[in-house]
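# Breakdown of the fold
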Amino acid sequence: SIIGAVVTGIFTLLVGMWISWQQNDGSDEFSRAVSAQEFYPYYQPVVDIMTGKIAGCEVLVRWIRDDGTVVPPGAFLPYAEATGLIREITRQLMIKTVEDIGPLYKANPQLKVSINLTATHFDNADIVSEIRQTYYNSGIAYRQLMFEVTEQHPLRDLDLSQQIFKEIQAMGAKMALDDAGTGHGGLAYLQKLGFDIIKIDKMFIDHVCYDVTSETIVHSLHDIADRLGLSMIAEGVDATDQIRYLQNLGVEMAQGFIFSKPLPASEFVALVEAKANL
Ligand code: C2E
Ligand code: CA
Ligand code: CA
Ligand code: CA
């Protein structure tokens, strides 16, 4: 009947409005958080395992909400990447690194800081001028910077990406292949893009000393790095036998909970300063 159709129509309309209100609520909340600059860099120390000294850090994003809850990136990065909001978040993070660790890095020119980029950052060359503007005449010199690109998400335009790599490297910054061994593009990226560093994923480090296959993979990636003249960073190191294994293999650098979790800026600065006074 007509009445039935009208009632159903109105009902469908109301449900639709309710769903879109729900969705808007979620996405508006995230956009608001981005505008309110609620994303902060945490700093995980990277250690030179030959000397035991802190060589630098990796910047890992945290969403710190009004009530103080710390949200890890796994909960919002997929959304931030899908919407492109990650570009604005990364821009804000870079600016905050200057405030957080600029003075420390000026006083310790050997320290390096590593920032994660995503596939979206290689869709156009804007990132190059953002890096240049953010760090020009800042406490952090271009040659103290490193940018990580994961092999887990495909880069859409390898030629443009290669051009962007070259411009970043011409500034004096380094490029690292992140999560090496876990994705699909890895070897092609190594061939095409001209990396300086390979970061070998926790997935493999977890099983060295127990599993011959994982050791073979770590060994082979280290061999590739060696032959290409690249250095290597091992991720997710959380046991002393793993450190010994990596030292024997000749891997220079490592990060992981055995050294330190990612830290808020003040704690990272205090840790480096305490070590420097030893
Ligand atoms: P990732 O780049 O591979 O970063 C290393 C992750 O492993 C971090 O997780 C770190 O806290 C964790 N980790 C380090 N050492 C250990 C360890 O010994 N044991 C264990 N269990 N975990 C360890 P987090 O901070 O949750 O970040 C997860 C991922 O989110 C990162 O993986 C990276 O892909 C992404 N991410 C984080 N921050 C950013 C960012 O600012 N921008 C972009 N584009 N991605 C980011
Ligand atoms: Ca990374
Ligand atoms: Ca990684
Ligand atoms: Ca990883």
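Residues numbered from 1 in each chain as written. Chains lettered and ligands numbered in written order. Predicted model: local features only at pLDDT ≥ 70, side-chain atom pairs only at ≥ 80, totals over all residues. Heavy atoms only, no water.

Throughout the structure, instances matching the rule amount to 12 salt bridges. In this structure, the salt-bridge partner of Glu29 is Arg32, at a minimum N-O distance of 3.1 Å. In this pair, Glu29 and Arg32 both sit in helix H1 (residues 2-35), 3 residues apart, roughly one turn of the helix. Between Lys199 and Glu58 there is a salt bridge, with its nearest N and O atoms 3.0 Å apart. (Salt bridge = Lys/Arg side-chain N within 4 Å of Asp/Glu carboxyl O. Helix = DSSP H or I, 4+ residues; strand = E, 2+ residues; numbered from the N terminus.)

What follows covers the coordination of the calcium ion (ligand 3). The coordination sphere of the calcium ion (ligand 3) contains the protein donors Asp178 (OD), Asp178 (OD), Asp179 (OD), Glu235 (OE) and Glu235 (OE), at a distance range of 2.0 to 3.2 Å. With 6 donor atoms in place around the calcium ion (ligand 3) and angles of 43 to 154 degrees between them, the coordination shape is irregular. Taken in chain order, the donor set of the calcium ion (ligand 3) reads D-D-x55-E. Taken as an interatomic distance, the gap from the calcium ion (ligand 3) to the calcium ion (ligand 2) is 3.5 Å; Asp178 donates to each of them. Both residues of the pair, Asp178 and Asp179, belong to the buried class. (Donors = N, O, S within 2.8 Å, 3.2 Å for Na, K, Ca; no water. Tetrahedral: all angles 85-135°; square planar, octahedral: opposite > 155°, others 65-115°. Buried < 20%, exposed > 50% of the residue type's maximum accessible area, 1.4 Å probe, protein only.)

The next thing to look at is the pairing of strand S6 (residues 174-180). Along a regular strand, successive side chains alternate from one face of the sheet to the other. For S6, the tally of buried residues reaches 6 of 7 residues, placing the bulk of the element in the interior. Both strand S5 (residues 145-150) and S6 contribute to a ladder of 5 bridges, which runs parallel. Each bridged residue has a counterpart across the sheet, and for Phe147 the counterpart in S6 is Met175. This β-α-β element, S5 to helix H5 (residues 158-171) to S6, shows right-handed connectivity. Summarising the sheet, S6 and strand S7 (residues 197-200) pair through 3 bridges and their orientation is parallel. Paired with Ala176 across the two strands is Ile197, which belongs to S7. (Pairing = 2+ DSSP bridges. Right-handed = clockwise from strand over helix to strand, strands pointing away.)

So, on to the confidence of the model for the protein chain. Across the protein chain, the average pLDDT comes to 92, with 94% of residues at 70 or higher. Scored as a whole, the predicted complex attains pTM 0.91, and scored at its interfaces, ipTM 0.97. (pLDDT = per-residue confidence, 0-100.)

Looking now at the environment of Ile233. In this structure, Ile233 sits in strand S8 (residues 231-234). For Ile233, a relative accessible area of 7% translates into the label buried. Taking the C-alpha atoms as reference points, Ile233 and Leu145, separated by 88 residues in sequence, lie 15 Å from one another. With sequence-adjacent residues up to four places away left out, Ile233 is seen in contact with Val46, Met146, Ile197, Ile198, Lys199, Ile200, Met253, Ala254 and Gln255. (Contact = heavy atoms within 4.5 Å.)

Surrounding the calcium ion (ligand 2) are the protein donor atoms Glu58 (OE), Asn116 (OD1), Glu148 (OE) and Asp178 (OD), at 2.1 to 2.3 Å. Read N to C, the donor residues that coordinate the calcium ion (ligand 2) are spaced as E-x57-N-x31-E-x29-D.

Of all residues adjacent to ligand 1, which total 21 residues, the nearest are Val61, Arg62, Thr118, Lys202 and Phe257. Within the side chain of Gln44, a nitrogen or oxygen atom sits 3.1 Å from a nitrogen atom of ligand 1. A distance of 3.2 Å separates an oxygen atom of ligand 1 from a polar side-chain atom of Asp179. Within the complex, 78% of the 800 Å² of free accessible area of ligand 1 lies under protein. Taken together, the elements giving at least two residues each to the shell around ligand 1 come down to strand S2 (54-64), helix H3 (85-107) and S6. Per-element accounting of the shell around ligand 1 gives the leading share, 4 residues, to S2. Of the residues contributing to the shell around ligand 1, the split by class is 9 nonpolar, 5 polar and 7 charged. (Near = heavy atom within 4 Å. Polar contact = N/O pair within 3.5 Å; in protein donor to acceptor, adjacent residues only side chain to side chain. Areas by Shrake-Rupley, 256 points an atom, 1.4 Å probe, with all protein chains shown as cover. Nonpolar A, V, L, I, M, F, W, Y, C, P; charged D, E, K, R; others polar.)

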